[in-house]
Amino acid sequence: MSVLAVIPARYGSTRFPGKPLAKIAGQMMVERVWRIAAAADGVDRVVVATDDQRIVDAVEAAGGEAVMTDENCRNGTERALDALKRLNSDAEIIINVQGDAPLIPPWVIGDVATTLRDNPDMPMATPAVALPADTEARMRVDKANGSASGTTVVFDKTLRAMYFSKNVIPFRRKPETGAPVYQHIGLYGYRRDTLQQLVDLEPTPLELTESLEQLRAMENGIPIQVVLTDYRGRSAWSVDSPEDATRVEDIIKREGEVV
C-alpha cells in the first residue's frame, strides 16, 4: 500500500511572498519540510506541489522532487489531488503535509501513515496532541482577546473526530475538572478516493463558519480518525511571516534540527 507525501507550496503570500524559498538557519523552508517528510516511517515518496517554476527549480537543486500544479488550485487539498494526477501515481494513501511547518517531527507524519496502512477501511486521519494545562489556559486567554492560537478537536472513545474548532473545546464549566484539550495538527492523510471526494464536494456551512476545511468531510459523513501523537518535548511553530521564520530559527538553535 504505497504512501505519497505531498507538500503544497504556493509562492504567492500576502504576508510573506516567496515563503517556501525563505532561508531558515541556512536552509530553504520547503527543503526542510521535504527532508522531514522523507525521514518519516511509512512514507514511500515525497513531492512538493507548487504553482511556481522557481520552487520546482530550487527543490530539484536541493535533491528533492517537485511537480508544477494548476495555479488555480484554491487550497492544499486541491493541490495535493492535482499533484497525484500529474504524477500518475498509484499511491493508495496521500499525506498532505503543510509546507510552512518546518518543525513538524517526522514521527508525526509517520504515525498518520502507519495508522492508515494498518486500517484499510479508514478513509481519513489527522494528528492531535494533548495540551498541558498552562498552554490550554493561554489559548483560552488568546481566544478571549480575539487572537488566534490554533485549532482544537474533540473525539469519541474510538478516536473518531466529533468536531474541530478555532475556539478551545471542550468548554470547561468547572475549570478544575473535565476532559483534556487536544490541539489539532494541520496534517491530513487520505485514501485516494476520499481525497477526490473531498475536492468534488461543495464547501459546507460549518466549514465556512469556522474556516476549517476538514469540517466539509464531517458534514458529509466522512469519518476522520484522530491519531494521538507527541512532539516529545520539541516546540511547534508554523511560518506565516518573516517574524515567524526568525522565531523558528531561534527554536532550531535552542533545540537542534528535527532531522
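Residue indices follow the written sequence of each chain, beginning from 1 at its first position. Only residues with pLDDT of at least 70 are given local features in this predicted model, and only at 80 or more are side-chain atom pairs given and counted; all residues enter the totals for whole chains, interfaces and linings. Hydrogens and water are ignored here; the side-chain numbers use all heavy atoms of the structure.

## A word on the overall build of the protein chain
Spelled out, the test is: Starting at the N terminus, helices and strands are each numbered in turn, a helix being any DSSP run of H or I of at least four residues and a strand any DSSP run of E of at least two. In this treatment the radius of gyration is a C-alpha quantity, and the globule benchmark scales as 2.2 Å times the residue count to the 0.38 power. We call two residues contacting when some pair of their heavy atoms lies within 4.5 Å. Per-residue accessibility takes into account occlusion by the displayed protein chains alone, with areas from the Shrake-Rupley method and a 1.4 Å probe. Positive charges come from Lys and Arg alone, negative charges from Asp and Glu alone, with His and the N- and C-terminal ends not counted. A charged residue contributes its charge at one atom only: NZ of Lys, CZ of Arg, CG of Asp or CD of Glu.
Check the secondary structure of the protein chain and you find nine helices and 12 strands. Over its C-alpha atoms the protein chain spans a radius of gyration of 18 Å, differing by no more than 12% from the 18 Å that the globule rule assigns to 259 residues. Projected onto its principal axes, the C-alpha coordinates of the protein chain cover approximately 55 × 40 × 30 Å. The contacts in the protein chain between residues at least 6 apart in sequence include a share of 68% that link residues at least 24 apart. For the protein chain, the exposed area adds up to about 12300 Å²; of that, 48% sits on carbon and sulfur atoms. In the protein chain, 30 side chains carry a positive charge and 38 a negative one; their mean positions are 4 Å apart.

## Some thoughts on helix α2 (residues 53-61)
Keep this limit in mind: A simple rule labels every residue: compare its accessible area, found with a 1.4 Å probe on the protein chains alone, to the largest value its type can have, and call it buried under 20%, exposed over 50%, or partly exposed in between.
Buried within α2 we find Ile55, Val56, Ala58 and Val59. Buried positions along α2 lie against β1 (3-9), β3 (27-28), α1 (29-38), β4 (45-50) and β5 (66-68). With its phi angle positive at about 95°, Gly63 sits one or two positions after the end of α2.

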